[in-house]
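Single-letter residue listing:
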Amino acid sequence: MENPFDDEDGRFLVLVNDERQYSMWPVGIPVPKGWDVALSESPHADCVTFVEKNWTDMRPASLVAAMEHADG
């Protein structure tokens, strides 16, 4: 059985959580609690492009906020 997360020919969602972290998620697997759909069903390559464009800061949102507060 092939891992559906590795299927470059598959269809995916892009998910985002409260920490503004992104995940590509295979269509047909329930979206886990705490995650929202940021990009609806799309080809693998489109999802990769979306994540690369939108997830430019790998730090969790809470860390960004704490660092901004410390600098302020």
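Preceding block: the structure.
Everything quoted here is computed from the prediction, not taken from an experiment.

Peer 1: What's the story with the sheet that holds strand β3 (residues 35-43) in this structure? I'm lost.
Peer 2: Remark on secondary structure: sheet strands pair via backbone hydrogen bonds, oriented parallel or antiparallel. Pairing is antiparallel in the open sheet, where three strands are placed in the order β2-β1-β3. Since the sheet does not close on itself, it has two edges, and those belong to β2 (22-26) and β3, each with one partner. For this sheet, the mean angle separating the axes of adjacent strands, direction not counted, is 25°. Bridge analysis of strand β1 (residues 11-17) against β2 gives five bridges, and the strand direction is antiparallel. In the strand pairing of β2, Val16 is matched with Tyr22. The strands touched by helix α1 (residues 44-54) within the sheet are β1, β2 and β3, with β3 carrying the most contacts at an inclination of about 135°.

Peer 1: Help me out: how do you make sense of the pairing of β2 in this one?
Peer 2: Regular strands have side chains that alternate between both faces of the sheet. A large share of β2 lies buried, amounting to four of its five residues. In this structure, the hairpin formed by β1 and β2 is closed by a connection of four residues, where Arg20 is found at a positive phi of approximately 60°.

Peer 1: Teacher, can you tell me more about α1 here?
Peer 2: Think of an α-helix as 3.6 residues a turn; residues three or four steps apart then line up on the same face. Restricting attention to buried positions, one finds in α1 the residues His44, Cys47 and Val51. Looking down the long axis of α1, one finds its buried residues gathered within 65° of arc, a one-sided arrangement. In α1, the exposed positions that point more than 90 degrees away from the buried face belong to Glu52 and Lys53. Tucked inside the fold, the buried residues of α1 contact β1, β2 and β3.

Peer 1: Looking at this structure, I do not really get the nonpolar core. What am I missing?
Peer 2: Inside soluble globular proteins, nonpolar side chains tend to come together where they are buried. By size, the foremost hydrophobic cluster in this structure holds eight residues: Phe12, Val14, Val16, Tyr22, Leu39, Cys47, Val51 and Trp55. Elements with a minimum of two residues in this core: β1 and α1. The greatest single-element share of this core, amounting to three residues, is contributed by β1. Not counting the four nearest positions on each side in its chain, Tyr22 is found in contact with Val14, Leu15, Val16, Trp35, Ala38, Phe50, Val51, Asn54 and Trp55.

The rules behind the values
- Within each chain, residues carry numbers counting from 1 in the order of the written sequence.
- With pLDDT at 70 or above as the cut-off, local features in this predicted model cover only qualifying residues; side-chain atom pairs require 80 or more to be listed or tallied, and sums for whole chains, interfaces and linings still use all residues.
- Here the side-chain values reflect all heavy atoms present in the structure, with hydrogen atoms and water set aside.
- Two strands qualify as a pair provided that DSSP identifies no fewer than 2 bridges between them.
- Secondary structure follows DSSP: runs of H or I at least 4 residues long count as helices, runs of E at least 2 residues long count as strands, and numbering of each begins at the N terminus.
- Structural elements are reduced to axes, namely lines fitted to C-alpha atoms, with helices fitted over the stretch in contact, and the angle between N-to-C directions of any two is expressed from 0 to 180 degrees.
- Contacts are assigned to residue pairs that have any heavy atoms within 4.5 Å of one another.
- Exposure classes here rest on a 1.4 Å probe applied to the protein chains alone. A residue is buried below 20% of its type maximum, exposed above 50%, and partly exposed in between.
- What the arc covers is the set of directions going from the helix axis to the C-beta atoms.
- By nonpolar core is meant a set of buried Ala, Val, Leu, Ile, Met, Phe, Trp, Tyr and Cys residues that side-chain atoms within 4.5 Å join together.

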